[in-house]
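# An overview of the molecular structure
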Amino acid sequence: MRDFKLVFTGPMGVGKTTAIAALSDTAPIATEVANADTSVAKATTTVGLDFGQVTLDNGDRLRLYGTPGQSRFDFMWKILVRDALGLAILLDNSRPDPMADLAQYLDGFAGALERMPCAVGVSRLPSHPTPTLDDYAQALAARGLVLPLLAVDPRRKDDVVALIETLLMQIEVLDEEAAP
């Protein structure tokens, strides 16, 4: 049995806690407190981390960590991403400037992105169709990045599984390339 550490990140209210809860075999551990940020209509917010885990059919275990979304807790981003094998950036297309959100998390995790796979999940595309996934792809390409982009509803287990499978496939390819 092997353990894999995957990290979910993104702005406050995007669904990191919800995505982890959708996958976790047990109730996730969350460090949520009352939200004092009135710019986001959300009762609570993560201030430390979220944690859940899922055991795969082959016995391997995915340890799922969620970062706090507020940039004032960005010191936790660096702690949580240590030794992770993959990063999932979640974005909410209904936010005022989701492209700026993408830039913030690409910058915040720039060092990690040099060494680990990453996938981007964008929620609320049906109700907020712009920017499009192509717009996100162009923003990534402008930074020299080619990352998988998926439409994701963090409440839907199947969507979150697709995002995680995308990360696991990238990890598998890297493992095969590194093998002698």
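To keep things clear, this report deals only with the structure shown in the data block. (Residues numbered from 1 in each chain as written. Predicted model: local features only at pLDDT ≥ 70, side-chain atom pairs only at ≥ 80, totals over all residues. Heavy atoms only, no water.)

### A closer look at the overall build of the protein chain
- When its secondary structure is counted, the protein chain shows six helices and seven strands.
- Each helix and strand of the protein chain, ordered N terminal to C terminal, gives the series β-α-β-β-β-α-β-α-α-β-α-β-α.
- Relative to a compact globule of 180 residues, whose C-alpha radius of gyration would be 16 Å, the protein chain shows 15 Å and is just as compact.
- By its C-alpha atoms, the protein chain is 50 × 40 × 30 Å across when sized along the principal axes.
- Within the protein chain, contacts between residues at least 6 apart in sequence are counted, and of these 70% link residues at least 24 apart.
- Here the protein chain displays about 9000 Å² of accessible surface, and carbon together with sulfur accounts for 54% of that area.
- Averaging the positions of the 16 positive and the 24 negative side-chain charges in the protein chain gives two centres separated by 7 Å. (Helix = DSSP H or I, 4+ residues; strand = E, 2+ residues; numbered from the N terminus. Rg over C-alpha atoms; globule rule 2.2 N^0.38 Å. Contact = heavy atoms within 4.5 Å. Areas by Shrake-Rupley, 256 points an atom, 1.4 Å probe, with all protein chains shown as cover. Lys, Arg positive; Asp, Glu negative; His and termini not counted. Charge placed at Lys NZ, Arg CZ, Asp CG, Glu CD.)

### Overview of the pattern of salt bridges
- A complete count under the given rule lists seven salt bridges for this structure.
- With a closest N to O distance of 2.8 Å, R124 and D92 form a salt bridge. Placement of the pair is R124 in the loop between β6 (118-123) and α5 (133-142) and D92 in strand β5 (residues 86-92), with a sequence separation of 32 residues.
- The salt bridge partner of R156 is D159, with a shortest N-O separation of 3.6 Å. (Salt bridge = Lys/Arg side-chain N within 4 Å of Asp/Glu carboxyl O.)

### A look at the side chain of S123
- Tracing the backbone through its elements, the reader meets S123 in strand β6.
- Judged by its relative accessible area of 6%, S123 falls in the buried class.
- Among all residues touching S123, those that are not within four sequence positions of it are V14, L91, D92, N93, V152 and P154. (Buried < 20%, exposed > 50% of the residue type's maximum accessible area, 1.4 Å probe, protein only.)

### Focus: unusual backbone geometry
- Between T130 and the following residue, P131, the backbone shows a cis peptide bond with an omega angle of 0 degrees.
- Mapped onto the secondary structure, P131 falls in the loop between β6 and α5.

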